[in-house]
Amino acid sequence: MKTTSMMRGEIELKMSAYKAWEIFTNNEKLSKVDPHLLSSAEYLQGDGSPGSIRLFKLGPGLHGYVNESIQKIEKVETGRCIDYQVLGGQLHEMYDPYHVTFSFIPIEGKEAERCIAEWKTEFTQILPEIPQPEKAKDAALQFLKSFEKFEG
């Protein structure tokens, strides 16, 4: 019987949770953050609200692992977190289901200048020999950290 596992990681960002949220939810901005890791983001259906379908085309830094990810937005807490279920792409071929949550949490007393960006996944490996998605976690945290360098 397959079991569902969980993995999480977090990183402190030198920006407000509001600014991080604004970058993450805006496809044009998100596509310019670090093209080596994410070359483009677009809504195939919807506007970012629950039920929307979003396509991430990953950059050359992740080719050989994941080239694209088609995700259905399941839940949005504006300014705070967004939940996805991966519907297509290489992650879906390794894990089913594969749910991801990105959260942006203000740091108390430093709300205007710092936040914690959290990545969390719940997943079921299709085959037992498929490794846990450690590469996905590392790539997500590296990408989130690159928000600090974004000037848009």
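Residues numbered from 1 in each chain as written. Predicted model: local features only at pLDDT ≥ 70, side-chain atom pairs only at ≥ 80, totals over all residues. Heavy atoms only, no water.

Visitor: Can you lay out helix α4 (residues 134-145) for me, pointing to particular residues and giving the numbers?
Guide: Counted at 1.5 Å a residue, the expected span for α4 with its 12 residues is 16 Å, and the 17 Å between its end C-alpha atoms agrees. Along α4, the residues classified as buried are Ala136, Lys137, Ala139, Ala140, Leu141, Phe143 and Leu144. Buried residues belonging to α4 abut β1 (5-13), α2 (27-33), β2 (38-45), α3 (90-94), β6 (95-106) and β7 (115-125). (Helix = DSSP H or I, 4+ residues; strand = E, 2+ residues; numbered from the N terminus. Expected span 1.5 Å × (residues − 1). Buried < 20%, exposed > 50% of the residue type's maximum accessible area, 1.4 Å probe, protein only. Contact = heavy atoms within 4.5 Å.)

Visitor: I'd like a rundown of the sheet that holds strand β5 (residues 81-89), residues and numbers included.
Guide: The strand order across the open sheet built from seven strands is β1-β7-β6-β5-β4-β3-β2, with neighbouring strands paired in antiparallel fashion. In this open sheet, the two edge strands, each paired with only one partner strand, are β1 and β2. Here the average twist between neighbouring strands, direction ignored, is 25°. One ladder, built from five bridges, connects β5 with β6; its direction is antiparallel. Among the inter-strand pairings, glutamine 85 is bridged to a residue of β6, identified as histidine 99. In this fold helix α1 (residues 17-25) packs onto β1, β2, β3 (53-58), β4 (68-77), β5, β6 and β7, with an angle of close to 145° to the strand it touches most, β6. In the packing of α4 onto the sheet, contacts are made with β1, β2, β6 and β7, and the angle to β1 comes to roughly 20°. (Pairing = 2+ DSSP bridges. Axes fitted to C-alpha atoms, helices over the stretch in contact; angles between N-to-C directions.)

Visitor: Quick one: what's the story with the packing of aromatic side chains, residue by residue and with numbers?
Guide: What describes a pair of aromatic rings is the distance from one ring centre to the other and the angle between the planes of the rings. The final tally for this structure, using the stated rule, is eight aromatic pairs. On the numbers, 6.4 Å between centres and 65° between planes, the contact of phenylalanine 24 with tyrosine 84 is edge-to-face. Residue phenylalanine 24 is found in helix α1, and its partner tyrosine 84 is found in strand β5; the two are separated by 60 residues along the sequence. When sorted by exposure, phenylalanine 24 lands in the same class as tyrosine 84, which is buried. Ring geometry for phenylalanine 24 versus phenylalanine 104: centroids 5.8 Å apart, planes at 50°, classification tilted. Separated by 80 residues along the polypeptide, phenylalanine 24 in helix α1 and phenylalanine 104 in strand β6 bring together distant segments of the chain. Per residue, the accessibility class of phenylalanine 24 equals that of phenylalanine 104, and both read buried. An aromatic cluster is defined as three or more aromatic residues linked by ring pairs; in this entry it consists of Trp21, Phe24, Phe56, Tyr84, Phe102 and Phe104. When the ring centre of phenylalanine 24 is taken as reference, the NZ or CZ atom of arginine 54 above it lies at 5.5 Å. (Phe/Tyr/Trp six-rings, centres within 6.5 Å; stacked < 30°, edge-to-face > 60°. Lys NZ or Arg CZ within 6 Å of the ring centre and 35° of its normal.)

All we've got here are geometric facts, nothing functional implied.
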